[in-house]
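An overview of the molecular structure
Listed below are the residues making up each chain.
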Amino acid sequence: MAPPAPSMAAISPARLHKLITSQPNPLLAKELLHVHLSSSSSPPHPSTLHSLTLRLAKSSHPSLSLSILPLFPSPPPSLLSSLSLIFARISRPNLLFSLLPHFSRHPANIHSYNYLILAFARTDRLAFAISLFNRLSSLNLSPNGTTYRILAQALCRKGQVRSAESLLNEMVHKGIPPDPFAYSTVLNSLCRKKRLREAYRLLCRMRPRGSDPDISHYNTVIVGFCREKRPVDACKVFDDMCERGVKPNLVSYSTVIHGLCVCGVLDKAEEYLDGMISKELVPHFSVFHALIKGLCEVGKVAEACRVLEKMLGLGVKPHVETWYLILCNVCTH
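These lines cover the structure that appears in this document, whether it is placed above or below. These figures come from a predicted structure and were not determined experimentally.

On to the overall build of the chain. Helix and strand content of the chain: 18 helices and zero strands. In terms of C-alpha radius of gyration, the chain reaches 30 Å, well past the compact-globule figure of 20 Å for 333 residues. Across the 333 residues that make up the chain, the buried fraction comes to 46%. Residue pairs at least 24 apart in sequence account for 60% of intrachain contacts in the chain once pairs closer than 6 positions are excluded. A total accessible area of about 16,900 Å² is found for the chain, and carbon and sulfur atoms account for 56% of it.

So, in structure tokens, the structure goes:
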């Protein structure tokens, strides 16, 4: 006759951890934990609780993860942050609200509250995210660049660009190091709202505020001007960028050339194309096509053929429509 199986009381924390983590069903793993708790005074290891909490949060019954938190002496901030993001990802703001009391069980930490603010913002609870932001001072916490970026991005998603700009100004006044991603978000939103003068002004203010704009910031404004058929203004931003020592990339050149071609400023477009090639940047076939099409439309067939020669010399294969344009115009003229 086989010996009786050991009782749960005889199971060590290490053995319990192995049993629970190896159980593929998190609901059964939770039952194993409760059987142990009801029959043993030996507390489970915190890593066991941590693992089970996350597995339950990701299961089809995420609310059950909250029942494990009281078993911790103090839930680790990293776990609460992870739960915040999980509940945000599955759009369960009610579970986020249930997490709030657990945050107060350990010393306030700006990084944990950043995750919580982010989670509320992602679950379309922007008002509550702002409320938490405003409560930080009462918790003896100071928002950092990440806090401001999270709120600026959330405000921009809601179309509240002016409020997002105000946050950037507040960062400057408080001496908080600027967050480049926050500026990217606000610049992009301003451009999409066609508030290009304000976008360019903000771009110019970045350097005095201690945040050197990079290629992505410049490209955002260049794209905005070209989208509104203002390529000359885009060229000004492009030239400012070069003067500041920021090297233009394929996106910078391609956007400006396309914008100039659409507006018929073909000589300048060709200048930028030559500059692009001189920097050993190989244009996409669509860039050549835009210039060739523009030249053909105004009867400059010889110049269009010259651009085609440059294209072939770089090993860029013309599109069938490019060949069609050239052949039709050569035969016509």
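From this point on, the discussion continues.
We now examine the nonpolar core. Looking at soluble globular proteins, one finds that nonpolar side chains tend to be buried together. Grouped together as the largest cluster of nonpolar side chains are 99 residues, with contacts concentrated most on F87 and L99. Take this core: its biggest share by element is eight residues, from helix α6 (residues 110-122).

Structurally, the position occupied by D179 is in the loop between α9 (161-173) and α10 (180-192). Once residues within four sequence positions are removed from consideration, D179 is found in contact with G145, T146, R149 and M171.

Per the stated rule, a full pass over the model turns up 13 salt bridges. A salt bridge links D212 to R207; its shortest N-O distance comes to 3.4 Å. Looking at D212, the relative accessible area reads 53%, which means it is exposed. Here the residues in one salt-bridge network are R162, E165, R195 and E198, joined through shared partners.

For the rest of this paragraph, the subject is the packing of helix α1 (residues 13-22) against helix α2 (residues 26-39). Orientation of α1 relative to α2, taken along the N-to-C sense of each, is 155°, at an axis distance of 8 Å. Relative to α2, α1 is oriented roughly antiparallel. Judged by the sense of rotation from one axis to the other, the crossing of α1 with α2 is right-handed. Contacts between α1 and α2 involve L16, L19 and I20 from the former and A29, L32, L33 and H36 from the latter. For the contact of α1 with α2, the class distribution of residues is six nonpolar, one polar and no charged.

Here the focus is the packing of helix α4 (residues 77-89) against α6. Contact geometry for α4 and α6: axes closest at 8 Å, N-to-C directions at 10°. Considering the angle they form, α4 stands roughly parallel to α6. Between α4 and α6, the contacting residues are P77, S81, S84, L85 and A88 on the first element and S112, Y115, L116, L118, A119 and R122 on the second. Among the residues forming the contact of α4 with α6, the class breakdown is seven nonpolar, three polar and one charged.

Right, let's talk about helix α18 (residues 320-332) for a bit. Taking 1.5 Å per residue as the helical rise, α18 with its 13 residues ought to reach 18 Å, and the 18 Å between its terminal C-alpha atoms agrees with that figure. Every buried residue of α18 is accounted for by T322, L325, I326 and N329. The buried residues of α18 occupy one face: seen down the axis, they fall within an arc of 90°. Set apart from the buried face of α18 by more than 90 degrees, the exposed residues are V320, Y324, L327 and C331.

In this structure, the largest pocket occupies an estimated 160 Å³ of space. Taken together, 13 residues form the lining of the largest pocket, with C261, V262, A290, G294 and E297 sitting closest to its centre. Looking at the lining of the largest pocket, the elements that each hand over two or more residues are α14 (250-262) and α16 (285-297). For the lining of the largest pocket, the element with the most residues is α16, which contributes six residues.

With that settled, the discussion passes to the packing of aromatic side chains. The tally for this structure, following the rule as stated, stands at seven aromatic pairs. Each ring, one from F103 and one from Y113, has its centre 5.5 Å from the other, and the planes form 55°; the classification is tilted. Of the two residues, F103 sits in helix α5 (residues 93-103) while Y113 sits in helix α6, which places them 10 residues apart along the sequence. Between F133 and Y148, the ring centres sit 5.4 Å apart and the planes meet at 80°, which makes this aromatic pair edge-to-face. Highlighted residues: F133 in helix α7 (residues 126-135) and Y148 in helix α8 (residues 145-157), separated in sequence by 15 residues. Under the relative-accessibility criterion, F133 is labelled buried at 10%.

Analysis parameters
Residues numbered from 1 in each chain as written. Predicted model: local features only at pLDDT ≥ 70, side-chain atom pairs only at ≥ 80, totals over all residues. Heavy atoms only, no water. Helix = DSSP H or I, 4+ residues; strand = E, 2+ residues; numbered from the N terminus. Rg over C-alpha atoms; globule rule 2.2 N^0.38 Å. Buried < 20%, exposed > 50% of the residue type's maximum accessible area, 1.4 Å probe, protein only. Contact = heavy atoms within 4.5 Å. Areas by Shrake-Rupley, 256 points an atom, 1.4 Å probe, with all protein chains shown as cover. Core = buried A, V, L, I, M, F, W, Y, C linked by side-chain atoms within 4.5 Å. Salt bridge = Lys/Arg side-chain N within 4 Å of Asp/Glu carboxyl O. Axes fitted to C-alpha atoms, helices over the stretch in contact; angles between N-to-C directions. Parallel < 35°, antiparallel > 145°, perpendicular 65-115°, else oblique. Left-handed = near helix turned anticlockwise from the far one by under 90°. Nonpolar A, V, L, I, M, F, W, Y, C, P; charged D, E, K, R; others polar. Expected span 1.5 Å × (residues − 1). Arc of directions from axis to C-beta. 1 Å grid on protein atoms, 1.4 Å probe; cavity = no way out; pocket = protein on both sides within 12 Å on 5 of 7 lines; lining within 4 Å. Points joined across faces, edges and corners; volume = space filled by probe spheres on them. Phe/Tyr/Trp six-rings, centres within 6.5 Å; stacked < 30°, edge-to-face > 60°.

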